[in-house]
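# Structural features, examined
Given next are the chains, with one letter for each unit.
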Amino acid sequence: MEVGQLQRRFLEYTASLFNQGLLDGQFQQLQQLQDESNPDFVVEVVSLFFEDSEKLLHDLTIAIGQQTVDFKKVDAYVHQFKGSSSSIGAQRVRNACIAIRSFCEEQNVEACMRCLLQLKQEYSLVKDKLQDLFRLEQQIVEAGGAVPMLE
Amino acid sequence: MDVSASFSLSKKVDDDRVVGEEQELHVLAVDDNLIDRKIVEKLLKNFSCKVTTAENGLRALEYLGLRDDQQNTLNCNIGSKVNMIITDYCMPGMTGYELLKKIKESSMLKEVPVVIMSSENIPTRINKCLEEGAQMFMLKPLKQSDVKKLRGQLMKCGS
């Protein structure tokens, strides 16, 4: 596929992620921060996010699965997850975190468990999409083109 | 790369402070979240700041030479090289508010502007920080426009 087509595909894909609410303006902020001195900035930050998230999801699963749930602990994990997802613009993940927090306050274990499942699904979805996006970027670069930015 | 642009790139050796078109400002950024640290660092670097990061209040105090056991040592000189401190509010151990207090209590560093960041918009929290002498309170996640505003404020304060 020639560069122009790849670039168009990339822009369309990016736009769809914003339209579906998977990503918000904060992701664009990250893209705008990327420059020649830091050409892999977005991939680096998002990779850190993936690492961090996987650990948090693991810890959250254990915490919510306890006989007696320590809601303070759960809330602390979710607060962190909310923060990092917000920082990279993963809007739906962030919203899923907000939902868990309100049920933590109510000390509703069942609801927390349901929300955790939702959170995992949202995370998994945005992770797949972002990886696809990065692959498209890679293809453009390999074809000798520049990665376009959505206005 | 043209010469004037080189003055605003933060690829300088620690002690180098270049007075050119844009004076290089040294910012200490404190945040327990690695992702946020990385983002804040890039945001500030893109606005011609030299950035040092710390992952918690204690490390920040150490860097500034304000840790209890450092008070009377030669380390005291290092802190004075920082033009601004930007810190997250919610951190384990020492909160950004507690860090702010320690900085304002220090005769050496109390004039250094301290900016508090938080993901939560809580008026009592904001007021508390401003009353304690915080320069500004910013809502996370930070945007380029936030840092631009910050830089503008810093220039007015002088270094």
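Reading the values: rules and limits
Residues numbered from 1 in each chain as written. Chains lettered and ligands numbered in written order. Predicted model: local features only at pLDDT ≥ 70, side-chain atom pairs only at ≥ 80, totals over all residues. Heavy atoms only, no water. UniProt positions renumbered as here; feature names shortened; annotations may be inferred. Contact = heavy atoms within 4.5 Å. Buried area = accessible area lost by both parts, 1.4 Å probe. Salt bridge = Lys/Arg side-chain N within 4 Å of Asp/Glu carboxyl O. Axes fitted to C-alpha atoms, helices over the stretch in contact; angles between N-to-C directions. Helix = DSSP H or I, 4+ residues; strand = E, 2+ residues; numbered from the N terminus. Parallel < 35°, antiparallel > 145°, perpendicular 65-115°, else oblique. Left-handed = near helix turned anticlockwise from the far one by under 90°. Nonpolar A, V, L, I, M, F, W, Y, C, P; charged D, E, K, R; others polar. Core = buried A, V, L, I, M, F, W, Y, C linked by side-chain atoms within 4.5 Å. Buried < 20%, exposed > 50% of the residue type's maximum accessible area, 1.4 Å probe, protein only.

An unreviewed UniProt entry annotates chain B as Two-component response regulator ARR17 originating from Heracleum sosnowskyi. The heading Function (unreviewed entry) in the UniProt record of chain B holds the text "Functions as a response regulator involved in His-to-Asp phosphorelay signal transduction system. Phosphorylation of the Asp residue in the receiver domain activates the ability of the protein to promote the transcription of target genes. Type-A response regulators seem to act as negative regulators of the cytokinin signaling." What the UniProt record of chain B gives under Sequence similarities (unreviewed entry) is the line "Belongs to the ARR family. Type-A subfamily."

The name an unreviewed UniProt entry assigns to chain A is Histidine-containing phosphotransfer protein, from the organism Heracleum sosnowskyi.

### Overview of the interface of chain B and chain A
On the chain A side, the residues contacting the 17 residues of chain B number 23 residues. Area buried by chain B at its contact with chain A is led by Ile-35, Lys-38 and Lys-42 of chain B, which between them contribute 36% of it. Counting across the interface, chain B meets chain A through 3 salt bridges. Across the pair Glu-44 of chain A and Lys-38 of chain B runs a salt bridge whose closest N-O atoms are separated by 2.9 Å.

### Observations concerning the packing of helix H1 (residues 3-19) of chain A against helix H6 (residues 109-142) of chain A
Residue and element names in this part refer to chain A. Between H1 and H6, the least distance of the axes is 9 Å, while the angle of their chain directions is 160°. The orientation of H1 with respect to H6, classified from their angle, is roughly antiparallel. The element H1 and its partner H6 pack so that their crossing is left-handed. Counted together, Leu-6, Gln-7, Arg-9, Phe-10, Tyr-13, Thr-14 and Leu-17 of H1 and Lys-129, Asp-132, Leu-133, Leu-136, Glu-137, Gln-139 and Ile-140 of H6 form the full contact between these two elements.

### Thoughts on the packing of helix H4 (residues 71-88) of chain A against H6 of chain A
Residue and element names in this part refer to chain A. Orientation of H4 relative to H6, taken along the N-to-C sense of each, is 25°, at an axis distance of 13 Å. Regarding the angle of H4 to H6, the classification is roughly parallel. In the packing of H4 onto H6, the handedness of the crossing is left-handed. In this structure, H4 contributes Phe-71, Phe-81 and Ile-88 to the contact, and H6 contributes Val-109, Cys-112, Leu-119, Tyr-123 and Leu-130. Partitioned by chemical class, the residues of the contact of H4 with H6 number 8 nonpolar, no polar and no charged.

### What about the UniProt feature "modified residue: Phosphohistidine" (unreviewed entry) in chain A?
Taking the UniProt record as the reference, the feature "modified residue: Phosphohistidine" (unreviewed entry) is found at His-79 of chain A. Mapped onto the fold, His-79 of chain A is located in helix H4. Ignoring sequence-local partners within four residues, the contact set of His-79 of chain A consists of Arg-101 of chain A together with Cys-90, Ser-119 and Glu-120 of chain B.

### Side note on the nonpolar core
In this structure, Leu-60, Phe-81, Leu-119 and Leu-130 of chain A together with Leu-44 and Ile-86 of chain B are the most contacted members of the largest nonpolar core, which totals 67 residues. With 12 residues, the top contributor of residues to this core is helix H3 (residues 41-64) of chain A. Contacts of Ile-86 of chain B, omitting those with residues within four sequence positions, involve Val-27, Leu-28, Ala-29, Val-30, Leu-44, Val-115, Met-117, Leu-142 and Leu-150 of chain B. Judged by nonpolar contacts, the second largest core, of 24 residues, contains Ile-85, Tyr-89, Tyr-97 and Leu-109 of chain B.

### Here we look at the pattern of salt bridges
This model, assessed by the stated rule, comprises 15 salt bridges over all chains. The shortest N-O distance in the salt bridge between Arg-101 of chain A and Glu-120 of chain B comes to 3.3 Å. Of this pair, Arg-101 of chain A sits in helix H5 (residues 91-106) while Glu-120 of chain B is found in the loop between strand E4 (114-118) and helix H6 (123-131), placing the two residues in two different chains. The exposure class assigned to Arg-101 of chain A is buried, which follows from its relative accessible area of 15%. Classification of Glu-120 of chain B as buried rests on a relative accessible area of 18%. Taken together, the shared-partner salt bridges in this structure form one network comprising Asp-75 and Arg-101 of chain A together with Glu-120 and Arg-125 of chain B.

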